[in-house]
Amino acid sequence: MGRIIAHVDMDCFFCACEEKKNPSLKSKPVIVGSTGTRGVVSTSNYEAREFGVYSATPISIARKLCPNGIFLPVDYYYYREESYKIMLTLKDIGDDFLQVSVDEAYIDVTTLANTFGNLDLLGKFIQKKVYKKTKLTCSVGIANSRKVAKIASDFKKPNGVTVVENAKEFLSPLDIKKIPGVGKKSVDYYRKNGINTIGDLAKLDTFKIIDLFGKHGIEFQKLALGEDRSKIEHIIKEKSSSREHTFTDDEYDRKNIKQELLKLSKRVHEDLRNRTFKTVSLKLRYSDFTTITRDFSFSGIGKELYHITEPILTLFEEYYDFRIGVRLVGVKVSRLSNRKEIQTRLDEFFK
Ligand code: TTP
Ligand code: MG
């Protein structure tokens, strides 16, 4: 049997975060985006969408469409913290995990699916876990390929679970624009050629497909036929894992910089799950934008958190120039592997 993939997408994410920060916003139309007259909407909640305000609507138009809306600036820092909690929760659920944006991720849930039996229950289980951790709701799509799972998570928004047993049947009535990555220009092209639903695409014969889309059309049609098999295969390909932080103001306080490095190390370590590493790198960008990166490699295999923090702090003490303000710090581990055997003695580790 093939793999089973879940796609998780948070419901009107930036707005949901704002409502969490300030519950009195609930059930009012909320629009997050640029606060001036120029710029566009990042996202709107469902109340504001009733007025025709969506992501990418120009703010000036949004104000006309929804004059009583509550317009809020983007608070990336807060959303990233929430996102981080969500992703940590999701990471622990399945056999494999791939975050694709601030509010969405794929989970390979094959093993869990066998335990649960009922995939709808499994979807609800994922929602519950995220809600318990963050008090935020998400929608889940479950299918046997990544692309179909993504289309499915959008099917019953907000707070919905959609399980696709038969991909071809599920996709057939859907508008062609539901295929991820199909932009407005392509949609116009499809419509001009009489393709309005994904089912219309499935029905085309090979000659017509090649005529319209070239040989790539064949692959494209496979999705419509329910024969797509896109999976999560990132872990083997991923050669490094890193986290960075930009300070709001240039930072001169050695203690604060070190604290941030420890925080980043912890996150990098959590991202690794069971993988090991052989090199640890420190990145420092100063206020004048000069950037240094310094590596530390060991003969052993790194696994524990202190295998990251010790070299990072050592490199920092060695290379930090305290006369210049620090703008950004980063921690990276590389030469990853899934190997289980680990050296735990520190002296072996540092050679
Ligand atoms: P989406 O998941 O596309 O949208 P959403 O979570 O707001 O709403 P939905 O319930 O339909 O999933 O995007 C996630 C976040 O990314 C969104 O909250 C704001 C941000 N974003 C932008 O800043 N600009 C954009 O054009 C889009 C589409 C999203
Ligand atoms: Mg979303």
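Definitions and limits used
Residues numbered from 1 in each chain as written. Chains lettered and ligands numbered in written order. Predicted model: local features only at pLDDT ≥ 70, side-chain atom pairs only at ≥ 80, totals over all residues. Heavy atoms only, no water. Donors = N, O, S within 2.8 Å, 3.2 Å for Na, K, Ca; no water. Tetrahedral: all angles 85-135°; square planar, octahedral: opposite > 155°, others 65-115°. Buried < 20%, exposed > 50% of the residue type's maximum accessible area, 1.4 Å probe, protein only. Near = heavy atom within 4 Å. Polar contact = N/O pair within 3.5 Å; in protein donor to acceptor, adjacent residues only side chain to side chain. Areas by Shrake-Rupley, 256 points an atom, 1.4 Å probe, with all protein chains shown as cover. Helix = DSSP H or I, 4+ residues; strand = E, 2+ residues; numbered from the N terminus. Pairing = 2+ DSSP bridges. Axes fitted to C-alpha atoms, helices over the stretch in contact; angles between N-to-C directions. Parallel < 35°, antiparallel > 145°, perpendicular 65-115°, else oblique. Contact = heavy atoms within 4.5 Å. Nonpolar A, V, L, I, M, F, W, Y, C, P; charged D, E, K, R; others polar. Core = buried A, V, L, I, M, F, W, Y, C linked by side-chain atoms within 4.5 Å. Phe/Tyr/Trp six-rings, centres within 6.5 Å; stacked < 30°, edge-to-face > 60°. Lys NZ or Arg CZ within 6 Å of the ring centre and 35° of its normal. Salt bridge = Lys/Arg side-chain N within 4 Å of Asp/Glu carboxyl O. Left-handed = near helix turned anticlockwise from the far one by under 90°. Expected span 1.5 Å × (residues − 1).

Once that is clear, we can look at the coordination of the magnesium ion (ligand 2). By definition of the ideal shapes, a tetrahedral metal site with four donors has angles of 109.5 degrees and an octahedral site with six donors has angles of 90 or 180 degrees. For the magnesium ion (ligand 2), the full set of protein donor atoms is Asp9 (OD), Met10 (O) and Asp103 (OD), at a range of 2.0 to 2.3 Å. One way to put it: the six donor atoms around the magnesium ion (ligand 2) meet at angles of 80 to 178°, and that makes the site octahedral. Mapping the donors of the magnesium ion (ligand 2) onto the primary sequence gives the spacing D-M-x92-D. We classify Asp9 as buried; its relative accessible area is 14%.

All right, on to the site of ligand 1 then. Looking at ligand 1, there are 13 residues lining it, with Asp9, Cys12, Thr43, Tyr46 and Arg49 nearest. Between ligand 1 and Asp9 there is a distance of 2.9 Å, counted from an oxygen atom to a side-chain nitrogen or oxygen. Within the side chain of Thr43, a nitrogen or oxygen atom sits 2.5 Å from an oxygen atom of ligand 1. Within the complex, 68% of the 560 Å² of free accessible area of ligand 1 lies under protein. Looking at the shell around ligand 1, the elements that each hand over two or more residues are strand 1 (5-10), helix 1 (13-21), strand 3 (41-44) and helix 2 (46-49).

So, about the sheet that holds strand 2 (residues 30-33). Pairing is mixed across the open sheet formed by three strands, whose spatial order is 3-2-4. The open sheet has two edge strands, strand 3 and strand 4 (70-72), and neither has a second partner. Each strand axis lies, on average, 25° off the axis of its neighbour in the sheet, ignoring direction. With three bridges connecting them, strand 2 and strand 3 associate as antiparallel partners. The residue bridging Val32 from the neighbouring strand is Thr43, located in strand 3.

Moving on, we get to the packing of helix 1 against helix 4 (residues 76-91). At a minimum axis distance of 10 Å, the contact between helix 1 and helix 4 shows a crossing angle of 100°. Here helix 1 is positioned roughly perpendicular relative to helix 4, judged by the angle of their axes. Residues Phe13, Phe14, Cys17, Glu18, Lys20 and Lys21 of helix 1 lie in contact with helix 4, whose contacting residues are Tyr76, Tyr78, Tyr79, Glu82, Ser83, Lys85 and Ile86. Residue composition of the contact of helix 1 with helix 4, grouped by class: seven nonpolar, one polar and five charged.

The subject of this paragraph is the nonpolar core. A general trend in soluble globular proteins is that nonpolar side chains are found buried together. With 34 residues, the main nonpolar core has Phe13, Ile86, Leu90, Leu122, Ile126 and Val140 as its most contacted residues. For this core, the secondary structure elements donating two or more residues are strand 1, helix 1, strand 2, helix 4, strand 6 (104-108), helix 5 (110-116), helix 6 (119-134) and strand 7 (138-143). Ranked by the residues each element gives to this core, the list is headed by helix 1, at five residues. If we skip the residues at most four places from it in the chain, Phe13 touches Tyr79, Glu82, Ser83, Ile86, Val102, Asp103 and Leu136. Core analysis: the next-biggest nonpolar cluster, separate from the first, contains 29 residues, Ile5, Ala167, Ile209 and Ile232 among them.

In this section: the side chain of Asp271. Along the polypeptide, Asp271 turns up in helix 14 (residues 254-272). A polar contact of 2.8 Å, which involves the side chain of Asp271, links it to the side chain of Arg243. Contact partners of Asp271, with chain neighbours within four places excluded, come to Lys91, Ser241 and Arg243.

Let us now look at the packing of aromatic side chains. Per the stated rule, a full pass over the model turns up 14 aromatic pairs. Taking the centre distance of 6.5 Å and the plane angle of 55° together, the rings of Tyr189 and Tyr190 count as tilted. Take Tyr190: its relative accessible area is 6%, and that puts it in the buried class. An angle of 20° between the planes, with centres 4.6 Å apart, marks the rings of Phe316 and Tyr320 as stacked. One cation-aromatic arrangement involves Lys21 over Tyr78; the distance from NZ or CZ to the ring centre is 5.2 Å. Sitting over the ring of Tyr106, Arg146 keeps its end group 5.0 Å from the ring centre.

On to the pattern of salt bridges, then. Per the stated rule, a full pass over the model turns up 25 salt bridges. Between Glu18 and Lys21 there is a salt bridge, with the nearest N and O atoms lying 3.2 Å from each other. One end of the pair is Glu18 and the other is Lys21, both in helix 1 and three residues apart, which spans about a single turn. Of the residues examined, Glu18 reaches a relative accessible area of 7% and is grouped as buried. The partner of Asp321 in a salt bridge is Arg323, and the shortest N-O contact between them spans 2.9 Å. Taken together, the shared-partner salt bridges in this structure form one network comprising Arg3, Asp95 and Asp108.

What follows concerns the packing of helix 11 (residues 206-213) against helix 12 (residues 216-224). Here helix 11 crosses helix 12 at 115°, and the two axes come no closer than 8 Å. In this structure, helix 11 crosses over helix 12, and the sense of that crossing is right-handed. On helix 12, the residues touching Thr206, Ile209, Ile210 and Phe213 of helix 11 are His216, Gly217, Ile218 and Gln221.

The first and last C-alpha atoms of helix 4 sit 22 Å apart over 16 residues, in line with the 22 Å expected at 1.5 Å per residue. Taken together, the buried positions of helix 4 are Tyr79, Glu82, Ser83, Tyr84, Ile86, Met87, Thr89, Leu90 and Lys91.

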